[in-house]
Amino acid sequence: MSLTDKRYAVWFAVVLSFLAYGCLGYLVPRDNFALLIGCYAIAFISFYYLYNTSNISEKELFGYGISFRIILLFCLPFWSQDFYRFIWDGRILLSGVSPYEFRPDDIISNVSIFQSQELYQKMGSLSTSHFSNYPPLNQFLFSIVAFLSPKSIFFSAFFLKVFILFSDIGIYYFGKKLLQLLFIKTKRVFLYFLNPLVILELAGNTHFEGVMLFFLILGLYYFFLNRWLLAAFCIALSISVKLLPLLLLPFVYHKLGFKKSFFFCLIVILFNILFFLPFLTNSLIQNYSETIALWFVNFEFNASFYYFFREIGYWIKGYNTIGIIGKITPVFTIIMILFFALVKENRNSYSFFINSLFALTCYFLISTTVHPWYVINLIILSLFTKYRFAIVWSFTIILSYFAYSQTPFQENMILIFLEYVIVLGFLYYEFFKNNKNKTLKLANNILV
């Protein structure tokens, strides 16, 4: 193919991407599964082509990534209703009510915020019946949005997306710097920045994983610069957006040693306690811990091994054993995290990222709930390793949206099985290939 033909192919892929994102953002509801998966497949194939084409500069790829996000700035989130809860939390916080103290169900009859009934109805009964599970920095950002747009849901969603857009730009900038610091090709950052799952779930659906991952990448950048006090503060901010980075704290042990890692974790925890202080009440700990526990013992969506164990539970007990399995899962998670963090070697950057990646992967594989945007955490860690199964998962996980096309809501276990068979099969292939290459390299060194 000539250089001119390649440029035409690039423009064609870019145009297809624009059309796919435009359709998904403005025309295709999540209950139209055939159109949804079709447009998503087009976006993903275009992403694959753009990333693997050698005649596109990184500056151009960055411009495309920004342009695709800008398309989605002006639509209401289309695959998720979580943003209604974000707006609710921000507005009641500005009105002087703590979202950790009252459920929407408790105060809907006397709350004084604008559009309270619309927000209440559209966030869904699952959200209205529980206290907020979003940590303090998230609440602070929600309240800024409420201040900027106290009477418009559209503009509230717009400002939420602006926060996420700038966070993604920050991930791009510091992600490249971290890749350079670790002597890894900087182009890998586009596996995140151009990934359709990232663009649609963050810029489109306003999930705050992007903000959390910005602070995490910033913290890891300073961590590998050996500026560990600043790293601890940034990681504390990351946890104060989403709690997931708490699982990565033990991975600093091998690099810092016992004394430094103890103070590193202590600083992170103390900062998060400090962030919670403005919300401190007698019931804060109980309300928040109960809400977090729901993710283990109440909610089920797009799980893998959990569904297998649930079927065994039905066979043995005759009923859904999520209450039993959900209590075992956190214990197993802690054991697994400590194994990858403390037993496995994590002194160099590659082992740090690869063990973190596998630990979080195992955590999601045993979880009762795996929403599509959760996989974005694996995408960001995979940039610093040779493994690409998270990229494959970012495509197959779209199959989980089939459940929203059913009335009543119902998952298709054949599609869930297909999603995980492809991902686990690719993971097995990569693991076998990488270990084979490692063995051959070791054998060659011995022969030499």
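Caption draft 1: Highlighting unusual backbone geometry. Cis geometry is found at the peptide bond from Thr-407 to Pro-408, where omega equals 0°. Relative to the helices and strands, Pro-408 resides in the loop between helix 20 (389-396) and helix 21 (413-447). With phi around 60°, Phe-183 is a residue other than glycine that occupies positive phi space. In this fold, Phe-183 is placed in the loop between helix 9 (153-181) and helix 10 (190-193). Residue classification places Phe-183 among the exposed positions, given a relative accessible area of 79%. The phi dihedral of Asn-226 is positive, around 65°, even though this residue is not glycine. For Asn-226, the position within the fold is in the loop between helix 12 (209-224) and helix 13 (228-239). Judged by relative accessible area, Asn-226 falls into the exposed class, the value being 57%.

Caption draft 2: Representation of the packing of aromatic side chains. Using the criterion set out here, one finds 63 aromatic pairs in the structure. Aromatic side chains Phe-83 and Tyr-84 sit 4.0 Å apart centroid to centroid with 35° between the ring planes, which places their arrangement in the tilted category. Pair check on accessibility: Phe-83 and Tyr-84 agree, each one buried. Ring geometry for Phe-190 against Phe-193: centres 6.5 Å apart, planes inclined by 75°, an arrangement best described as edge-to-face. One end of the pair, Phe-190, and the other, Phe-193, are both in helix 10, 3 residues apart, so they sit about a helical turn from each other. The pair formed by Phe-190 and Phe-193 is uniform in burial state, with each residue classed as buried. Within the aromatic cluster, the residues linked to one another by ring pairs are Phe-223, Phe-224, Trp-228, Phe-251, Phe-264, Phe-352, Phe-353 and Phe-384. The cationic tip of Lys-187 hangs over the ring face of Tyr-51; the distance from NZ or CZ to the ring centre is 5.2 Å.

Caption draft 3: Quick look at the nonpolar core. Counting residues in each nonpolar core, the largest one holds 142 residues, and the members touching the most others are Tyr-192, Phe-264 and Trp-393. Phe-264 has contacts with Phe-223, Trp-228, Ala-231, Ala-232, Ile-235, Leu-249, Val-252 and Leu-256, leaving out every residue within four places of it along the chain. Membership of the second largest hydrophobic core comes to 5 residues, among which are Tyr-100, Phe-276, Leu-284 and Tyr-288.

Caption draft 4: Structural context of helix 12. The terminal C-alpha atoms of helix 12, which comprises 16 residues, lie 22 Å apart, in line with the 22 Å expected from a rise of 1.5 Å per residue. Counting buried positions along helix 12 yields 16 of 16 residues, so the element is predominantly enclosed.

Parameters and conventions
- Residues numbered from 1 in each chain as written.
- Predicted model: local features only at pLDDT ≥ 70, side-chain atom pairs only at ≥ 80, totals over all residues.
- Heavy atoms only, no water.
- Helix = DSSP H or I, 4+ residues; strand = E, 2+ residues; numbered from the N terminus.
- Buried < 20%, exposed > 50% of the residue type's maximum accessible area, 1.4 Å probe, protein only.
- Phe/Tyr/Trp six-rings, centres within 6.5 Å; stacked < 30°, edge-to-face > 60°.
- Lys NZ or Arg CZ within 6 Å of the ring centre and 35° of its normal.
- Core = buried A, V, L, I, M, F, W, Y, C linked by side-chain atoms within 4.5 Å.
- Contact = heavy atoms within 4.5 Å.
- Expected span 1.5 Å × (residues − 1).

Purely geometric stuff here, so don't read any function into it on its own.
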